[in-house]
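Here is what each chain is made of, one letter per residue.
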2 protein chains.
Amino acid sequence: MKRTRPLKRKPKRTEPKLREPEAADPRSIDDDPVVQGILTAISQKRLKPGAKLGEDKLAAAFGTTRIHIRQALSHLASRKVVMQIPNRGAFVYRPSWAEAQDIFAARRIIETAAVSAAVDRLDKAGKAELKAHMEREARHDRNDRWASLSLTAEFHILVAKLAGNRVLLEMSRELMLRTSLAIATFEQPGEPDCSPDAHPDIGALILARDKAGAVHAMRHHIEEMEQRIRPKEGKDEVDELTAIFQEIGARARAGG
Amino acid sequence: MKRTRPLKRKPKRTEPKLREPEAADPRSIDDDPVVQGILTAISQKRLKPGAKLGEDKLAAAFGTTRIHIRQALSHLASRKVVMQIPNRGAFVYRPSWAEAQDIFAARRIIETAAVSAAVDRLDKAGKAELKAHMEREARHDRNDRWASLSLTAEFHILVAKLAGNRVLLEMSRELMLRTSLAIATFEQPGEPDCSPDAHPDIGALILARDKAGAVHAMRHHIEEMEQRIRPKEGKDEVDELTAIFQEIGARARAGG
DNA sequence: ATTGGACATATTGTAAACAGTATAGCCGCC
DNA sequence: GGCGGCTATACTGTTTACAATATGTCCAAT
């Protein structure tokens, strides 16, 4: 091997000038198959709140490495979909009763605003999309519980999309997921998430450009969902106990 | 060393039964000093959109390891505060013009709702907190740009806190940060984020329990902020160019 | 002089081994 | 017989080194 060049070049202390990342590949971690898999499993209620998400098992299940799984779990944890506990691992998030109520309150605010904006912005393409979804929801097999859950969630997402605000759309997506967790935690067993007649009504009102009516129907629909969950009675005792122990533990730590 | 026990114990195929994580330590990654440091640096505009966040440099600056930094950056990326580009690294997020508008629209919706709820729920402790903040904001040194920025952000956060909904509070926090990025990207140089008189007005209306007035003032305040930013003219050409190249690239990839 | 290629460097991404911690089961003790 | 300590195990968390990618710089050729 010839070495026609001096061994070291000059140190170069100037900053590298760094082209700014204008034309970057916008592929996000949200498109990651692991993230998507866990999210759909949760929204379809195949994964229940509190379920353990072991890294090795997930890595084997998805055919990937632990590092990849850790990244996905961290991402889901910052979205409050999973809960990470130091040295114990990751679990499907279980909202508290207060948090469940806050989630529904937030949905009341955001989705009523979304319906309002959707009526304002409704155009031909939007009408077509909405009609297509309503037809799918009307015709779907009601015995297929997983498909039902996916479709009802998609209706709310579609309304947020029609509102034309991506930030609001992301928030709605997040709130939908957290609603799934809230319902899974506090539901009376056997009841569906959404009452089956509400979506066609809301959709029809949007198509008729009846803004006040659509907003009212959406608010009513969400309140109806909210009234279907109840705080777990036995659960409260347990929570009280754990609160006591936590307080004791904190005091012991603080007092020395 | 004696070995009184058989070498292997029985395989134990039963699932470990796994106590559920009720009494978990809720310390979150949001409390992480690296995350907090970057967030405050951004909200005080010491870090500008597009700035490179190199892992080694951050690790040295915070006196920690690269792994820790990577975790923090991933978390910030899922909150859309930093942008991660494969093999290029992390940068302070730079919202598009459309995204900036969506952020303000979302703030209009959420913060007007928060003001309304704050008026409804206002109690003695809330009044005291609000008065204390207003006094701090009135007395602060206006030449200290960093303190000013922190205080104006804290006012909006305080209103969200008074609304009593943790989910909404988190959303407001996120929107405040993204607003900082939007303003830093599109501001006319030298103007403050919030007009200085708006906060005392809104605070007084809340204290007077004038719900409609407070909501109106908040909406007006946010619209005023929004009108202060302008799309970058020279920027549009660049964006157009990158759009052309991206489109060409996508076509090439799709066509084979 | 400008352009294209190739090396060198800096930085990110990944794998594997190691260490630390909580949990479960067992034995001795009261 | 119930209870507390002890040990083994399984899991997470961290460190380390290595590989891959992008980028800047230099040289050669046109």
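Residues numbered from 1 in each chain as written. Chains lettered and ligands numbered in written order. Predicted model: local features only at pLDDT ≥ 70, side-chain atom pairs only at ≥ 80, totals over all residues. Heavy atoms only, no water.

Regarding the overall build of chain A
To keep it simple, the criterion reads: Only runs of H or I of at least four residues qualify as helices and only runs of E of at least two qualify as strands under DSSP, and these elements are numbered from the N terminus. Using the Shrake-Rupley algorithm and a 1.4 Å probe, accessible areas are obtained, with residue cover drawn only from the displayed protein chains.
Counting its regular elements, chain A contains 10 helices and three strands. In sequence order, chain A lays out its α and β elements as α-β-α-α-β-β-α-α-α-α-α-α-α. Just so you have it, chain A exposes about 15,100 Å², and 53% of that area is on carbon and sulfur atoms.

Examining the packing of helix α5 (residues 124-139) of chain B against helix α8 (residues 198-207) of chain B
Packed helix pairs are specified by the crossing angle of their axes together with the interaxial distance, meaning the distance between the axes. Residues and elements named next belong to chain B. The condition that has to hold: A fitted line through C-alpha atoms represents every axis, and for helices the fit uses only the stretch in contact; the resulting angles, taken between N-to-C directions, go from 0 to 180 degrees. Every angle not falling under 35 degrees, over 145, or within 65 to 115 is termed oblique; those three ranges are roughly parallel, roughly antiparallel and roughly perpendicular. Crossing handedness is read from the near helix: turned anticlockwise from the far helix by less than a right angle, it gives a left-handed crossing, and turned clockwise, a right-handed one. By the convention used here, residues are in contact when the closest approach between their heavy atoms is within 4.5 Å.
One can describe the packing of α5 onto α8 by two numbers: an axis separation of 11 Å at closest approach and a directional angle of 160 degrees. The orientation of α5 with respect to α8, classified from their angle, is roughly antiparallel. The handedness of the crossing between α5 and α8 is left-handed. Contact residues: Lys-127, Leu-130, Lys-131, Met-134 and Glu-137 in α5; His-199, Pro-200, Gly-203, Ala-204, Ile-206 and Leu-207 in α8.

A look at the sheet that holds strand β1 (residues 52-53) of chain B
Residues and elements named next belong to chain B. Counted only if it meets this: Note on pairing: two strands pair once DSSP finds at least 2 bridges between them.
Strand order in this open sheet of three strands is β1-β3-β2, and the pairing throughout is antiparallel. The open sheet is flanked by β1 and β2 (82-85), the only strands paired with a single partner. Sheet topology places β2 next to strand β3 (residues 89-92); four bridges connect them, and they run antiparallel. Residue pairing across strands places Met-83 opposite Phe-91, the latter belonging to β3. The sheet contacts of helix α3 (residues 66-78) involve β1, β2 and β3, and relative to β2 the element is tilted by about 110 degrees.

Considering the environment of Ala128(A)
With respect to the helices and strands, the residue Ala128(A) is situated in helix α5 (residues 124-139). Each C-alpha atom, one on Ala128(A) and one on Leu207(A), is 9.8 Å from the other, the two residues being 79 residues apart in sequence.

Brief notes about the pattern of salt bridges
All names here are of chain A. The condition that has to hold: A pairing counts as a salt bridge when a side-chain nitrogen of Lys or Arg comes within 4 Å of a carboxyl oxygen of Asp or Glu. Only protein chains enter the area calculation, which uses a 1.4 Å probe; residues under 20% of their type maximum are buried, those over 50% are exposed, and those in between are partly exposed.
The final tally for this structure, using the stated rule, is 25 salt bridges over all chains. Between Glu-55 and Arg-70 there is a salt bridge; the shortest N-O distance is 2.8 Å. In this pair, Glu-55 sits in helix α2 (residues 55-62) while Arg-70 sits in helix α3 (residues 66-78), placing the two residues 15 residues apart along the sequence. Note on Glu-55: relative accessible area 21%, which makes it partly exposed. Residues Arg-136 and Glu-154 are paired through a salt bridge, measuring 3.1 Å at the closest nitrogen-oxygen approach. Taken together, the residues span a long stretch of sequence, with Arg-136 in helix α5 and Glu-154 in helix α6 (residues 145-162) at a distance of 18 residues. On the basis of relative accessibility, which here comes to 47%, the residue Arg-136 falls in the partly exposed class. A network of salt bridges, in which partner residues are shared, links Asp-30, Arg-79, Glu-99, Glu-174 and Arg-178.

Focus: the packing of helix α6 (residues 145-162) of chain B against helix α7 (residues 166-186) of chain B
Residue and element names in this part refer to chain B. In the contact formed by α6 and α7, the axes pass within 9 Å of each other and the chain directions differ by 165 degrees. Between α6 and α7, the angle is such that the two are roughly antiparallel. Pair α6 / α7 crosses with right-handed handedness. Packed against α6, whose contacting residues are Ala-153, His-156, Ile-157, Ala-160 and Lys-161, the element α7 presents Leu-169, Ser-172, Arg-173 and Met-176 at the interface.

Concerning the confidence of the model for chain A
Residue and element names in this part refer to chain A. Applicable threshold: A score between 0 and 100, pLDDT records how confident the predictor is in each residue.
Per-residue pLDDT for chain A has a mean of 83; in total, 78% of the residues score no lower than 70. Mean pLDDT across the elements of chain A ranges from a minimum in helix α10 (residues 233-255), with 45, to a maximum in helix α4 (residues 97-121), with 97. The model gives residues 1-26 a pLDDT under 50, and that stretch makes 19 contacts with residues more than four places away or in other chains. Across residues 235-256, where pLDDT falls below 50, the model places seven contacts with residues more than four positions away in sequence or in other chains.

What about the sheet that holds strand β3 (residues 89-92) of chain A?
Taken in spatial order, the three strands line up as β1-β3-β2 (chain A) in an open sheet, and their pairing is antiparallel. Two strands in the sheet have a free side with no partner beyond their single neighbour: β1 (52-53) and β2 (82-85) of chain A.

So, unusual backbone geometry
If you check the backbone angles, Lys45(A) has positive phi at about 60 degrees while not being a glycine. Here Lys45(A) lies in the loop between α1 (33-43) and β1. Of the residues examined, Lys45(A) reaches a relative accessible area of 12% and is grouped as buried. We note that Arg209(B) has phi near 55 degrees; this positive angle belongs to a residue other than glycine. On the secondary structure map, Arg209(B) appears in the loop between α8 and α9 (211-226). Given a relative accessible area of 42%, Arg209(B) falls into the partly exposed group.

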